[in-house]
Amino acid sequence: AAALAAERRSRAEIAHLRDCVRRMARSGGAGEDFAKADLEFHLMIGVASGNPLMRSLAAVIEAALVASFQQNLPLAGDDLRETAASHDAIVDGIEAKDPAAASAAMLRVIDLGQIRIVDRMRARGESASRGTKSKAAGGSRQTGKRRGKR
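Every residue gets a number counted from 1 within its own chain, in the order that chain's sequence is written. At least 70 in pLDDT is required for a residue's local features to be given in this predicted model, at least 80 for side-chain atom pairs to be given and counted, and no such filter applies to totals for whole chains, interfaces and linings, which use all residues. Hydrogens and water molecules were not included; the side-chain quantities draw on all heavy atoms of the structure.

> Describe unusual backbone geometry, listing the residues and the values that go with them.
The phi dihedral of Lys97 falls on the positive side, at around 55 degrees, and the residue is not glycine. Numbered from the N terminus, helices here are DSSP runs of H or I no shorter than four residues, and strands are runs of E no shorter than two. Relative to the helices and strands, Lys97 is located in the loop between helix H6 (77-95) and helix H7 (99-149).

This is the structure in structure tokens:
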């Protein structure tokens, strides 16, 4: 879709995409403001592509982004800056009418999102396994204490 948008976009669509990136950056990376701007950004690329199929896939895109938001938000610091910059790179490619650059930048955004999801899942898994180990260790100690009292 980004490659097609680079071939078919209007000035108004570029301005709208830039506004979405600005709103993502200003959102602080948390919650509804970021999610709305990001969703609007990706849906606008479908519109700018001029491809009716891309526009009809809006519900699929929305569902995928909502799932990603649940795993990826909040963003802060370097993550937020990198996310905004990577979205800006998509707009740069589209504005320059460079389909290869727009497509490569979109793939980078997708890759960054996947990396963040995997990293957060690993972190949650490590936290959960540490908590389980602590509970297990605590549980055996309690069992030992109970045994000692009998």
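> Would you mind going over the packing of helix H2 (residues 11-26) against H6 in detail, with residue names and values included?
Orientation is described by lines fitted to C-alpha atoms, with helices fitted over the stretch in contact, and by angles between N-to-C directions that extend from 0 to 180 degrees. It is at 9 Å that the axes of H2 and H6 come closest, and there the two elements cross at 175 degrees. Considered as vectors, H2 and H6 are oriented roughly antiparallel to each other. For the pair H2 and H6, contact is made by Ile14, Leu17, Arg18, Val21, Met24 and Ala25 and by Leu80, Ala84, His87, Asp88, Val91, Asp92, Ile94 and Glu95, respectively. The cut-offs work like this: below 35 degrees is roughly parallel, past 145 is roughly antiparallel, 65 to 115 is roughly perpendicular, and the gaps in between are oblique. Note on contacts: a residue pair is in contact if any heavy atoms of the two residues lie within 4.5 Å.

> Explain H2 to me, using residue names and the numbers behind them.
The length a helix should cover is 1.5 Å for every residue beyond the first. Given a rise of 1.5 Å per residue, 16 residues ought to cover 22 Å, and the 23 Å separating the end C-alpha atoms of H2 matches this to within 8%. Within the sequence span of H2, burial applies to Glu13, Ile14, Leu17, Arg18, Cys20, Val21 and Met24. One face of H2 carries all of its buried residues, which in axial projection span an arc of 155 degrees. Exposed residues pointing more than 90 degrees away from the buried face of H2 are listed as Arg11, Ala12 and Arg26. Looking one or two places after H2, you find Gly28, whose phi comes out positive at around 80 degrees. Three exposure classes are used, based on accessible area relative to the maximum for each residue type with a 1.4 Å probe and protein chains only: buried under 20%, partly exposed in between, and exposed over 50%. Directions pointing from the helix axis toward each C-beta atom define the arc.

> Hey, could you go over H6 for me, with residue numbers and the actual values?
The end-to-end C-alpha distance of H6, which contains 19 residues, comes to 27 Å, matching closely the 27 Å that a straight helix rising 1.5 Å per residue would cover. Listed as buried for H6 are Leu80, Thr83, Ala84, Ser86, His87, Ile90, Val91, Gly93 and Ile94. Just downstream of H6 lies Lys97, where phi reads positive at about 55 degrees.

> Would you mind going over the nonpolar core in detail, with residue names and values included?
Ranked by size, the top nonpolar core spans 27 residues in total, and within it Leu17, Phe41, Ile45, Ile90 and Ile94 carry the most contacts. Mapped onto this core, the elements with two or more residues apiece are helix H1 (2-8), H2, helix H3 (31-49), helix H5 (58-72), H6 and H7. Residue contacts for Ile90: discarding those within four places in its chain leaves Ala2, Phe41, Ile45, Ala102, Ala105, Met106 and Val109. Side-chain atoms within 4.5 Å link the members of a nonpolar core, which is a set of buried Ala, Val, Leu, Ile, Met, Phe, Trp, Tyr and Cys residues.

> Please set out the pattern of salt bridges residue by residue, giving values where relevant.
Any carboxyl oxygen of Asp or Glu that lies within 4 Å of a side-chain nitrogen of Lys or Arg is treated as forming a salt bridge with it. As enumerated under the stated definition, the model contains nine salt bridges in all. Note that Glu95 is salt-bridged to Arg18, the shortest N-O span being 2.6 Å. On the criterion of sequence distance, the pair formed by Glu95 in helix H6 and Arg18 in helix H2 is long-range, its members being 77 residues apart. Judged by relative accessible area, which is 37%, Glu95 ranks as partly exposed. Note that Glu40 and Arg23 form a salt bridge whose closest N and O atoms lie 2.8 Å from each other. Remark: Arg23 occurs in helix H2 and Glu40 occurs in helix H3; sequence separation between them is 17 residues. The exposure class of Glu40 is partly exposed, given its relative accessible area of 28%. Among the charged side chains, a salt-bridge network with shared partners connects Arg18, Asp88, Asp92 and Glu95.

Geometric values such as these leave the question of function open.
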